[in-house]
Amino acid sequence: KALSEQEQKLADSLIDGETRHILESVGLAPVADSLQDMEAVYVEGQLIASHPGLGPDDVQAAMKDFYDSLYSPPMPPFDEIRDPVLRKYARGKTAENVVELYAQIYNALRSDRGGYDDLSFLSMAPDQVKTLLSV
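The notes below deal with the structure included here. (Residues numbered from 1 in each chain as written. Predicted model: local features only at pLDDT ≥ 70, side-chain atom pairs only at ≥ 80, totals over all residues. Heavy atoms only, no water.)

### What about the overall build of the protein chain?
What the protein chain contains, in helices and strands, is five helices and zero strands. Beginning at the N terminus, the succession of helices and strands in the protein chain can be written as α-α-α-α-α. Counting all 135 residues of the protein chain, 39% fall into the buried class. Considering only contacts in the protein chain between residues 6 or more positions apart, those separated by 24 or more positions represent 67%. Summed over its atoms, the accessible surface of the protein chain is roughly 7,900 Å², and 51% of this surface lies on carbon and sulfur atoms. (Helix = DSSP H or I, 4+ residues; strand = E, 2+ residues; numbered from the N terminus. Buried < 20%, exposed > 50% of the residue type's maximum accessible area, 1.4 Å probe, protein only. Contact = heavy atoms within 4.5 Å. Areas by Shrake-Rupley, 256 points an atom, 1.4 Å probe, with all protein chains shown as cover.)

See below:
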């Protein structure tokens, strides 16, 4: 059955909230927020690694927490959604959002603007994260 527009909006609102909650619980929210802050005040030639909250130690710790969480991801069950089609959509979309944000972080840190001498802390490509989250 197709979702009504109202069901879709309610689901999307719930998904956005759950996505944010997951990002906070797995350590990616501070990195994502710092990247967003940096984009707002970006100066030509500025390296991501020099921005507050995006130094090598900060990012390395966040990635470790995130990777550790992937073996038992804190994905919400969405039990409050009775419709199984809508519940499956919500789970899939939430996981997709996490993968998408991780890919943005991964690509930004690996870019020419990254400024990291050692990228070994980025041990998983976005496709690997996607597989672990079963998107």
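Having seen the structure, we can now continue with the description.
### Looking at the environment of His-51
Relative to the elements of secondary structure, His-51 occurs in the loop between helix 2 (29-40) and helix 3 (56-69). Among all residues touching His-51, those that are not within four sequence positions of it are Ser-34, Asp-37, Met-38, Val-41 and Gln-46.

### Here's the deal with helix 4 (residues 84-110)
With 27 residues, helix 4 extends 39 Å between its outermost C-alpha atoms, agreeing within 8% with the 39 Å of an ideal straight helix rising 1.5 Å per residue. Regarding helix 4, its N-cap is Asp-83, as a side-chain oxygen of that residue lies 2.7 Å from the backbone nitrogen of Val-85 further along. (Expected span 1.5 Å × (residues − 1). Polar contact = N/O pair within 3.5 Å; in protein donor to acceptor, adjacent residues only side chain to side chain.)

### Some points on the nonpolar core
Ranked by size, the top nonpolar core spans 33 residues in total, and within it Met-63, Phe-66, Tyr-102 and Ile-105 carry the most contacts. Contributing elements (two or more residues each) for this core: helix 1 (5-26), helix 2, helix 3 and helix 4. Here the element with the most residues in this core is helix 4; it accounts for nine residues. Excluding residues that lie within four positions of it along the chain, Ile-105 makes contacts with Leu-28, Val-31, Ala-32, Leu-35 and Met-63. Counting residues in hydrophobic clusters, the runner-up holds six residues, among them Ala-11, Phe-78, Ile-81 and Ala-90. (Core = buried A, V, L, I, M, F, W, Y, C linked by side-chain atoms within 4.5 Å.)

### A look at the packing of helix 3 against helix 4
For any two helices packed against each other, the geometry comes down to the angle between their axes and how far apart the axes lie. The contact between helix 3 and helix 4 brings their axes to 13 Å, and the two run at 150°. As helix 3 runs across helix 4, the sense of the crossing is left-handed. Residue-level contacts link Val-59, Met-63, Phe-66 and Tyr-67 of helix 3 to Val-98, Tyr-102, Ile-105 and Leu-109 of helix 4. Class assignment for the residues of the contact of helix 3 with helix 4 results in eight nonpolar, no polar and no charged. (Axes fitted to C-alpha atoms, helices over the stretch in contact; angles between N-to-C directions. Left-handed = near helix turned anticlockwise from the far one by under 90°. Nonpolar A, V, L, I, M, F, W, Y, C, P; charged D, E, K, R; others polar.)

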